Amino acid sequence: MERSKQKQMNQNENETDAAINGHFDGRVKIPGWSAGGAAGTPSTAPSSSVMESWREERTRSLEDNEMSLPSIAAAYTTILRGLGEDPQRQGLLKTPWRAATAMQFFTKGYQEKIIDVLNDAIFDEDHDEMVIVKDIDMFSMCEHHLVPIFGRVHIGYLPNKRVLGLSKLARIVEIYSRRLQVQERLTKQIAVAITEALQPAGVGVVIEATHMCMVMRGVQKMNSKTVTSTMLGVFREDPKTRDEFLTLIRS
């Protein structure tokens with residue numbers, strides 16, 4: 001009985017781990033590839049059948065936007081009434097439609113696919129030194145309070161005979177940040193997408209952000225910032241590589 005319960009608990013943990021980008025369905029053990037373990041120990045990595053799953057990701061289309069706009073606007077009308085406002089007064093007549101259109105823009109990452117961005121921007125190149133793009137502006141929406149998160153993203157990777165067009169790193173940030181997010185998941189999604197696309201020796205992603213749910217409400221700490229990081233491959237296994245990356249993004 002106890003063994004059966006333990007087996008079920010292990011299965012549930014595996015299912016949780018299999019959702020880094022919200023669409024993984026399995027992992028395999030690969031010695032030497034570390035997504036979270038110590039150097040030299042077997043760690044989990046996306047299985048070969050899953051590595052291309054990022055190519056299929058899209059959950060909303062332009063047609064969906066057109067069809068859902070009236071219902072989203074109607075919901076905003078209901079919200080205005082619930083707040084004690086009159087949606088028919090002059091200043092608010094078009095607010096529900098403006099707000100609905102704005103929310104669709106804030107979450108436009110749901111209608112974009114990573115493959116559309118990266119398909120023609122991965123190049124064979126015999127370069128094995130670190131590539132860093134830092135201070136990428138990021139705007140997102142807190143999925144708990146539907147208020148903005150904004151800040152900067154720093155990305156570094158160690159190529160393995162393939163490089164990515166530099167602007168595409170910023171596009172990856174845009175696709176995943178323009179969704180309802182938590183910063184921890186956003187950081188990991190960016191790192192995993194680059195890993196899946198390039199198969200580099202390692203990837204490091206650091207995000208520094210301000211959460212308006214902490215500034216405008218709750219504890220109301222105006223100068224607070226949240227810093228998250230994801231280190232994969234040699235960025236996690238090799239302290240010197242990790243330190244070089246962290247030093248360069250701070251310089």
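What counts as what
Residues numbered from 1 in each chain as written. Predicted model: local features only at pLDDT ≥ 70, side-chain atom pairs only at ≥ 80, totals over all residues. Heavy atoms only, no water. UniProt positions renumbered as here; feature names shortened; annotations may be inferred. Pairing = 2+ DSSP bridges. Helix = DSSP H or I, 4+ residues; strand = E, 2+ residues; numbered from the N terminus. Axes fitted to C-alpha atoms, helices over the stretch in contact; angles between N-to-C directions. Parallel < 35°, antiparallel > 145°, perpendicular 65-115°, else oblique. Left-handed = near helix turned anticlockwise from the far one by under 90°. Contact = heavy atoms within 4.5 Å. Nonpolar A, V, L, I, M, F, W, Y, C, P; charged D, E, K, R; others polar. Phe/Tyr/Trp six-rings, centres within 6.5 Å; stacked < 30°, edge-to-face > 60°. Buried < 20%, exposed > 50% of the residue type's maximum accessible area, 1.4 Å probe, protein only.

The protein is annotated in an unreviewed UniProt entry as GTP cyclohydrolase 1 of Cyprinus carpio. Reading the Sequence similarities (unreviewed entry) entry of the UniProt record for the protein gives the comment "Belongs to the GTP cyclohydrolase I family." As recorded by UniProt, the Pathway (unreviewed entry) comment attached to the protein reads in full: "Cofactor biosynthesis; 7,8-dihydroneopterin triphosphate biosynthesis; 7,8-dihydroneopterin triphosphate from GTP: step 1/1."

## Things to note about the sheet that holds strand S9 (residues 226-233)
In sheet architecture, strand pairing relies on hydrogen bonds along the backbone and comes in two forms, parallel and antiparallel. Taken in spatial order, the five strands line up as S7-S4-S5-S8-S9 in an open sheet, and their pairing is mixed. Of all the strands in the sheet, just strand S7 (180-181) and S9 have a single pairing partner and so form its edges. As paired elements, strand S8 (residues 202-211) and S9 share eight bridges and run antiparallel to each other. Paired with Ile207 across the two strands is Thr228, which belongs to S9.

## Topic: the packing of helix H5 (residues 166-177) against helix H6 (residues 183-198)
Contact geometry of H5 with H6 gives a least axis separation of 10 Å together with a crossing angle of 135 degrees. Considering the angle they form, H5 stands oblique to H6. Between H5 and H6 lies a crossing of right-handed hand. On the side of H5, the interface is formed by Leu169, Ile172, Val173, Tyr176 and Ser177, while H6 contributes Leu186, Gln189, Ile190, Ala193 and Ile194.

## Concerning the packing of helix H2 (residues 62-82) against helix H3 (residues 95-106)
Direction vectors running N to C along H2 and H3 enclose 125 degrees, while the axes themselves pass 8 Å from each other. Here H3 runs oblique to H2, going by the angle between their axes. Here H2 runs over H3; the crossing is right-handed. Packed against H2, whose contacting residues are Asn65, Ser68, Leu69, Pro70, Ile72, Ala73, Tyr76, Thr77 and Leu80, the element H3 presents Thr95, Pro96, Trp97, Ala99, Ala100, Thr101, Met103 and Gln104 at the interface. The residue inventory of the contact of H2 with H3, partitioned by class, reads eleven nonpolar, six polar and no charged.

## Regarding the packing of aromatic side chains
Per the stated rule, a full pass over the model turns up one aromatic pair. Taking 5.4 Å as the distance between ring centres and 80 degrees as the angle between the ring planes, the aromatic pair formed by Phe235 and Phe245 counts as edge-to-face. Residue Phe235 is found in helix H8 (residues 234-237), and its partner Phe245 is found in helix H9 (residues 239-250); the two are separated by ten residues along the sequence. For Phe235, a relative accessible area of 0% translates into the label buried.

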